[in-house]
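Single-letter residue listing:
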Amino acid sequence: MTSDIMDKDINSNRRTAMKRLLTVAALLAAGSLIAMQGAAADDAALIKSAESAAPAAVASGAAVYAMDEKGNMRTLREGKTGFWCMPDNPASLGPDPMCGDANSMEWAMAWLQKKEPPKGKVGFMYMLSGGTDGSNTDPYATKPEAGNNWIETGPHVMIVNAMDMMNGYPTDAKPDTSKPYVMWPGTPYAHLMIPVK
């Protein structure tokens, strides 16, 4: 009799333990699913932000990349056209999603890595989503400070890595941003800014 009672207690404890285990497993699975859905929603928002930088005909087939908090590039979508797009960087002061061709990616990577841009590769970039703020003289400024010539620009396109082709365009530290001008003049990353509105 005592043995039967003990067996029932053991079986009851096993069933209780199994129910708890299944409950924990279900909660973990649900949490993973929610996290994956949240990541997919976040990625969809990043892709939408990135696509806002260029005309739909360019952005819809472009590869989409995003930087993580450590500065590593992550692919959100593979491309079909040779163009790429990146979403707005929430850490920057203004909107800055951008799209460009393969040559402009090489130029941008050289700028980010503080290396010499590739020779003979003129690139084209779009930044059509609205105003973008930056220093016109310091390629690595992150906020307005005395002497760094912070400017505000609206929607524009850029021609990068075309040093010999920018002669005659204004190179003022504080340019009229309603007209084409050279940003970061006198640096290896000087490029032509062309407002579109």
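Structure shown above.
Since this is a predicted model, take the numbers as computed values, not measurements.

Each value, and the rule that gives it
- Residues numbered from 1 in each chain as written.
- Predicted model: local features only at pLDDT ≥ 70, side-chain atom pairs only at ≥ 80, totals over all residues.
- Heavy atoms only, no water.
- 1 Å grid on protein atoms, 1.4 Å probe; cavity = no way out; pocket = protein on both sides within 12 Å on 5 of 7 lines; lining within 4 Å.
- Points joined across faces, edges and corners; volume = space filled by probe spheres on them.
- Helix = DSSP H or I, 4+ residues; strand = E, 2+ residues; numbered from the N terminus.
- Nonpolar A, V, L, I, M, F, W, Y, C, P; charged D, E, K, R; others polar.
- Buried < 20%, exposed > 50% of the residue type's maximum accessible area, 1.4 Å probe, protein only.
- Lys, Arg positive; Asp, Glu negative; His and termini not counted.
- Salt bridge = Lys/Arg side-chain N within 4 Å of Asp/Glu carboxyl O.
- Polar contact = N/O pair within 3.5 Å; in protein donor to acceptor, adjacent residues only side chain to side chain.
- Disulfide = S-S within 2.5 Å.
- Patch = residues over 30% accessible without salt bridge, like charges linked within 9 Å, V, L, I, M, F, W, Y side chains within 5 Å.
- Areas by Shrake-Rupley, 256 points an atom, 1.4 Å probe, with all protein chains shown as cover.
- Pairing = 2+ DSSP bridges.

## Quick look at the layout of surface pockets
Of the volumes computed, that of the largest pocket is approximately 1,200 Å³. Around the largest pocket sit 44 residues that line it, and Asn89, Ser92, Asp96, Met98 and Trp111 are the ones nearest its centre. Broken down by secondary-structure element, the contributors of at least two residues to the lining of the largest pocket are strand S1 (63-67), strand S3 (84-86), helix H3 (102-112), strand S5 (123-127), strand S6 (132-135), strand S7 (150-153), strand S8 (156-160) and strand S10 (191-195). Residue contributions to the lining of the largest pocket peak at six residues, all from H3. Broken down by class, the residue content of the lining of the largest pocket amounts to 27 nonpolar, eleven polar and six charged. Quantified by volume, the second largest pocket comes out at close to 170 Å³. Lining the second largest pocket are 13 residues; nearest its centre among them are Lys119, Gly120, Asn161, Ala162 and Met163. Partitioned by chemical class, the residues of the lining of the second largest pocket number seven nonpolar, two polar and four charged.

## Focus on the side chain of Asp96
Along the polypeptide, Asp96 turns up in the loop between S3 and strand S4 (98-100). Nearest to the buried, unbridged Asp96 among oppositely charged side chains is Arg74, at 15 Å. Reaching out from Asp96, the side chain makes a polar contact with the backbone nitrogen of Asn89 at a distance of 2.7 Å.

## Regarding the state of the cysteines
A complete count under the given rule lists one disulfide for this structure. Shown here is the disulfide that connects Cys85 with Cys99, its sulfur atoms set 2.0 Å apart. Judged by the sign of its S-S torsion, about 105°, the bond between Cys85 and Cys99 is right-handed. Linking Cys85 in strand S3 with Cys99 in strand S4, this pair joins segments that are 14 residues apart in sequence. Relative accessible area serves as the criterion here: at 0%, Cys85 is assigned to the buried category.

## A short note on a nonpolar patch on the surface
Residues Met67, Met73 and Leu112 make up a contiguous nonpolar surface patch of about 230 Å² in total accessible area. Mapped onto the elements of the fold, Met73 is located in strand S2 (residues 73-77). The class for Met73 is partly exposed, based on a relative accessible area of 32%.

## Re the pairing of S1
Examined bridge by bridge, S1 and S3 share two bridges and lie parallel to one another. What sits directly across from Ala63, in S3, is Trp84. Sheet topology note: the S1/S2 ladder contains four bridges and is antiparallel. Looking at the pairing, Tyr65 lines up with Thr75 of S2. Between the end of S1 and the start of S2, which pair antiparallel, lie five residues, with Gly71 showing a positive phi angle near 85°.

## Comments concerning the environment of Asn167
Within the secondary structure, Asn167 sits in the loop between S8 and strand S9 (181-183). Among the residues examined, Asn167 registers a relative accessible area of 66% and is labelled exposed. For the pair formed by Asn167 and Val182, sequence separation is 15 residues and the distance between their alpha carbons is 9.4 Å.

## What to know about empty space enclosed by the protein
Vacant regions in the atomic arrangement are exposed by a probe of water-molecule size rolled over the atoms. Applying the stated criterion across every chain yields a total of one cavity of 30 Å³ or more. Volume-wise, the largest cavity comes out at about 30 Å³. What lines the largest cavity is simply Thr153, Gly154, His156, Thr177, Tyr181, Met193 and Pro195.

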